[in-house]
Amino acid sequence: MIHDLGFARLDLDRERRQGLPEVVYGPGKTAEQIAAVVTALLTHNTGPVLATRVAPDVAEAVLGRVQDGRYAPEARLLLWRPARLRDFDVAVVAAGTSDRPVAVEAAAVAEAVGLGVTTVHDVGVAGLDRILQIRPLLERQDAVIVVAGMEGALASVVGGLVRCPVIAVPTSTGYGAALEGVTALLAMLTSCAAGITVVNIDSGFGAAMAAHRLAHVSEAHR
């Protein structure tokens, strides 16, 4: 079912297909447009409604138009009607403090869709003992999201330690030869730890959505 707003055509059937209404990408949209889309999604769907990468001033304007929402400024996430907590646990693991913004986005989106989230920052491979210290935590998860820039090695390390799905997020953190995340992306894609899923550079949202799909399918087969 398509709902035509003139400037946007909303996929109202996505909640039935994928367990979550269409998510609004904030950049490039006015506050009025975001508010109109959110209002339509809240009216025609029952699950959580999210708008990502929303600047603080735009978020304030949207919240003035659509009641009962909340804004997470560090994650740049607007949220209405958060999901109930589901039986699916995800650890979001960030290599360095500079990777924090992407990790925060991943954690906030995952929490909004009902996943149980534990976040651990600054456990990169330059101090390998740090990731080994949290190995018991990682082994208890249903999925692990690994956020890393530079050479992206943390994804391979975690991929070799755990049995659950690993979702790797390359970030644009790093000096010149890091190529704004391309080096980490290629390293994660060519990881010797088999079966790692890799999402786009700086896409904490994409990683959380991958975890959501795993949880959605898992729930459907119970």
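Residues numbered from 1 in each chain as written. Predicted model: local features only at pLDDT ≥ 70, side-chain atom pairs only at ≥ 80, totals over all residues. Heavy atoms only, no water.

The protein chain has the name Nickel pincer cofactor biosynthesis protein LarB in an unreviewed UniProt entry, where Catenulispora subtropica is given as its organism.

On to the pattern of salt bridges. Where charged atoms from two side chains of opposite charge approach closely, those side chains can pair. Under the definition given, this model contains nine salt bridges. In the salt-bridge network here, residues are joined through shared partners; they are Asp11, Asp13, Arg14, Arg16 and Arg17. (Salt bridge = Lys/Arg side-chain N within 4 Å of Asp/Glu carboxyl O.)

Let us now look at the layout of surface pockets. Empty space left among the atoms is revealed by rolling a probe the size of a water molecule over them. Its boundaries defined by the atoms lining it, the largest pocket holds a volume of some 240 Å³. Looking at the lining of the largest pocket residue by residue, the classes come out as seven nonpolar, seven polar and four charged. There is about 200 Å³ of room inside the second largest pocket. Val23, Val24, Tyr25, Lys29 and Thr52 are, among the 13 residues lining the second largest pocket, the residues nearest its centre. In the lining of the second largest pocket, the residues fall into seven nonpolar, two polar and four charged. (1 Å grid on protein atoms, 1.4 Å probe; cavity = no way out; pocket = protein on both sides within 12 Å on 5 of 7 lines; lining within 4 Å. Points joined across faces, edges and corners; volume = space filled by probe spheres on them. Nonpolar A, V, L, I, M, F, W, Y, C, P; charged D, E, K, R; others polar.)

Bringing helix α2 (residues 31-44) into the picture now. The periodicity of an α-helix, 3.6 residues per turn, causes residues three or four places apart in sequence to face the same way. Over its 14 residues, α2 runs 20 Å from end to end, which matches the ideal 20 Å to within 8%, given 1.5 Å per residue. Looking at the buried residues of α2, the elements they touch are β1 (2-4), β2 (9-11), β3 (24-25), β4 (49-52), α3 (56-65) and β6 (77-80). (Helix = DSSP H or I, 4+ residues; strand = E, 2+ residues; numbered from the N terminus. Expected span 1.5 Å × (residues − 1). Contact = heavy atoms within 4.5 Å.)

So, on to the state of the cysteines. Enumeration over the complete set of coordinates arrives at zero disulfides. The closest cysteine sulfur to the non-disulfide-bonded Cys192 is located on Cys164, 17 Å from its own sulfur. Its relative accessible area of 77% is what places Cys192 among the exposed residues. (Disulfide = S-S within 2.5 Å. Buried < 20%, exposed > 50% of the residue type's maximum accessible area, 1.4 Å probe, protein only.)

Our next topic: the nonpolar core. Counting residues in each nonpolar core, the largest one holds 34 residues, and the members touching the most others are Val90, Val92, Leu115, Ile145 and Val147. When residues of this core are traced back to their parent elements, those giving at least two are β6, β7 (89-94), α4 (100-112), β9 (143-148), β10 (166-170) and α9 (204-220). Take this core: its biggest share by element is nine residues, from α4. Not counting the four nearest positions on each side in its chain, Leu115 is found in contact with Leu85, Arg86, Phe88, Val90, Ala110, Ala208, Ala211, His212 and Ala215. (Core = buried A, V, L, I, M, F, W, Y, C linked by side-chain atoms within 4.5 Å.)

Counting through the fold element by element, Ser203 comes out in the loop between β11 (197-198) and α9. Residue classification places Ser203 among the buried positions, given a relative accessible area of 15%. Not counting residues within four places of it along the chain, the set of residues in contact with Ser203 comprises Arg53, Val102, Glu105 and Val169.

Moving on to α4. Relative to the 18 Å expected for 13 residues at 1.5 Å per residue, α4 spans 18 Å between its end C-alpha atoms, a close match to the ideal helical length. Of all 13 residues in α4, ten are buried; the element is thus mostly enclosed. Looking only at α4, the buried set comprises Val102, Ala103, Val104, Glu105, Ala106, Ala107, Ala108, Val109, Ala110 and Ala112. One or two positions beyond α4, positive phi appears at Gly114, with a value near 100°.

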